[in-house]
Amino acid sequence: MRRTHPEGHGPVRYGPPLPDQGLPVLPALSAVLAASAGPAGAGLPAAQPAGGGPALLDAACGYWGRRGLAATPDRVAAAPGASALLLALTAALGGDVLLPRPCAAWWAPQARLLGRSVFHVPTPPECGGVPDPYALLETVRRVRAEGGDPRLLVLSVADDPTATVAPPELVHETVEAAAGEGLHLVSDETWRDTLHHPLDTVLLSPAEMLPGQVTVLTDLSGPFLPLGWPAAVARFPDNPAGSGLRARVLDVLTALGARLADPVAAAAAYALEEPDEITERLVAAARLHARVAAAVHGAVVGAGAHALPPQAGRHLYVDLGPLHTGLAAHGVGDAQELEDFLTARLGRPTPGGHRFGDDLGRLRVRLSTGPLLGTTAEERAECLVSPSPLELPHVQRALTHLGSAFDDLRDDAQRWESPR
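Just so it is clear, the structure is predicted and the values come from calculations on it, not from any experiment.

Rules of the game
Residues numbered from 1 in each chain as written. Predicted model: local features only at pLDDT ≥ 70, side-chain atom pairs only at ≥ 80, totals over all residues. Heavy atoms only, no water. Helix = DSSP H or I, 4+ residues; strand = E, 2+ residues; numbered from the N terminus. Rg over C-alpha atoms; globule rule 2.2 N^0.38 Å. Areas by Shrake-Rupley, 256 points an atom, 1.4 Å probe, with all protein chains shown as cover. Lys, Arg positive; Asp, Glu negative; His and termini not counted. Charge placed at Lys NZ, Arg CZ, Asp CG, Glu CD. pLDDT = per-residue confidence, 0-100. Contact = heavy atoms within 4.5 Å. Pairing = 2+ DSSP bridges. Axes fitted to C-alpha atoms, helices over the stretch in contact; angles between N-to-C directions. Parallel < 35°, antiparallel > 145°, perpendicular 65-115°, else oblique. Left-handed = near helix turned anticlockwise from the far one by under 90°. Expected span 1.5 Å × (residues − 1). Buried < 20%, exposed > 50% of the residue type's maximum accessible area, 1.4 Å probe, protein only. Arc of directions from axis to C-beta. Patch = residues over 30% accessible without salt bridge, like charges linked within 9 Å, V, L, I, M, F, W, Y side chains within 5 Å. Salt bridge = Lys/Arg side-chain N within 4 Å of Asp/Glu carboxyl O. Polar contact = N/O pair within 3.5 Å; in protein donor to acceptor, adjacent residues only side chain to side chain.

Trainee: Explain the overall build of the chain to me, using residue names and the numbers behind them.
Mentor: Helix and strand content of the chain: 14 helices and ten strands. Taken over the C-alpha trace, the chain has a radius of gyration of 21 Å; the compact-globule value for 420 residues is 22 Å, and the two agree within 12%. By principal-axis analysis of the C-alpha atoms, the chain measures approximately 65 × 55 × 50 Å. Summed over all atoms, the accessible surface of the chain reaches about 17100 Å², with 55% contributed by carbon and sulfur. Charge-centre separation for the chain: the mean point of 33 positive side chains lies 4 Å from the mean point of 46 negative side chains.

Below you can see the structure in the form of structure tokens.
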């Protein structure tokens, strides 16, 4: 994540990956993957058919069915990662793309790679992931008045980068506005199973409201599988339009050669079936990251920065605008300079808000909780089983280091503020 690079590549190559679990791979998942790979020279098929094989599609249907979203295999597709699926969806739907501001770092590059125009829509103050409905209507009106053709809105009720969950009433209003304008919605629900307080948080999928115009996208790499095992699934509307869209998506995946490796597909199917060990790990990981995220939130807010309380995922989104005078003393005046400064100061990647579609001039960053869990597999595993993970020495050191960095910025800001 650099401003420039001697090879001359643009920012996409150095953009931030999905927040990692920071936890060891479940032995059961490793065993399933190894068993599917088979012995060397066994001559087993190397890859699934385009769109995924029967076992994986059946598992995806079961996964969504348990969440109130009925699905059949002929309305589901799988690919090696959510990026491939979103690229295929964007290509199949055509037209311009609307995204919330900020949004997941990998959304916009998919559309721009296809030569599509991307328009960001502001999110309301209380959350990210879902655009403000009135801003959405105004953006659609403006784009059309300028000759554009908006057709696709991508949103996320459990959001990366802001780690918030959109209130159901906002989801209703935004979905109704999008439907009134004839937009197709892609609901990225990758982080829906990582809620920090699931009993106190209501998550409403847009597909529950508008089943005929919403495609649900779930990336398994991150919540369920390691990042190095790319797998994602999509659920299409159960109508002729959804059937046609799925067919076009499969055409694109076939043209791209975007097929899942059999061992990864087997691990993905096993995870989607949600046996006890998968569910227990998911719950334990969500609880652990919730505790660490709450501690980080307290540290950055205590230093004078702004951040919405994290509700899902493994990260939080911080606005350091209130500390701009202290940052200016370090030569930091925009999000890229803030990224460079904090990456060096914290010793870990700290992507600036511009990576997520935010304005370059806004001093915002995404902080991930995974790197705070330790530097070895043993330390990270210890976090999972400890009743008080924040009291473990290696976690304490990481949190103290992060807190000191933000306290120093607060002190610098106070030192450089003009006396009144």
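Here the narrative resumes.
Trainee: Tell me what's going on with the confidence of the model for the chain, and back it up with residues and numbers.
Mentor: In low-pLDDT regions, the fine details of the predicted coordinates are not to be read closely. Looking at the chain, pLDDT values average 92 and 93% of them are 70 or higher. This model gives residues 1-9 a pLDDT under 50, and the stretch forms 20 contacts once residues within four places in sequence are excluded.

Trainee: Can you break down the sheet that holds strand E10 (residues 364-368) residue by residue, with the values?
Mentor: One open sheet accounts for three strands, arranged E8-E9-E10; its pairing is antiparallel. Since the sheet does not close on itself, it has two edges, and those belong to strand E8 (306-307) and E10, each with one partner. Where E8 lies against strand E9 (residues 315-319), two bridges are found, and the strand directions are antiparallel. By the bridge assignment, Ala-307 is partnered in E9 with Val-318.

Trainee: Which residues make up the packing of helix H12 (residues 335-346) against helix H14 (residues 393-416), and what values do they have?
Mentor: In the contact formed by H12 and H14, the axes pass within 10 Å of each other and the chain directions differ by 135°. The angle between the axes of H12 and H14 places the two elements in the oblique class. You can see that H12 and H14 cross each other, and the crossing is right-handed. Residues Phe-341, Leu-342, Arg-345 and Leu-346 of H12 pack against His-401, Leu-402, Ser-404, Ala-405, Phe-406, Asp-408 and Leu-409 of H14.

Trainee: Describe helix H6 (residues 168-180), listing the residues and the values that go with them.
Mentor: It helps to recall that an α-helix has 3.6 residues per turn; residues three or four apart then point in one direction. Its 13 residues place the ends of H6 18 Å apart at the C-alpha level, agreeing with the 18 Å of an ideal helix rising 1.5 Å per residue. Those residues of H6 that sit buried are Leu-170, Val-171, Thr-174, Val-175, Ala-177 and Ala-178. Along the long axis of H6, the arc covered by the buried residues comes to 160°, so they all point the same way. In this structure, H6 carries Glu-169, Glu-176 and Gly-180 as exposed residues pointing more than 90 degrees from its buried face.

Trainee: Give a description of a negative patch on the surface that names residues and reports values.
Mentor: On the surface, a cluster of negative charge is contributed by Glu-126, Glu-169, Glu-173 and Glu-176. When you line up the elements, Glu-176 lands in helix H6.

Trainee: Tell me what's going on with the environment of Gly-129, and back it up with residues and numbers.
Mentor: For Gly-129, the position within the fold is in the loop between strand E3 (118-122) and helix H5 (133-145). If we skip the residues at most four places from it in the chain, Gly-129 touches Pro-100, Pro-102, Thr-123, Leu-155, Ser-156 and Asp-159.

Trainee: So, the side chain of Asp-159: which residues are in play, and what are the values?
Mentor: Tracing the chain through its elements places Asp-159 in the loop between strand E4 (150-155) and H6. This buried residue, Asp-159, is left without a salt bridge; Arg-366 holds the nearest opposite charge, at 9.1 Å. From its side chain, Asp-159 meets the backbone nitrogen of Gly-129 in a polar contact 3.4 Å long. Discounting residues that sit within four places of it in the chain, Asp-159 has contacts with Gly-128, Gly-129, Thr-164 and His-315.

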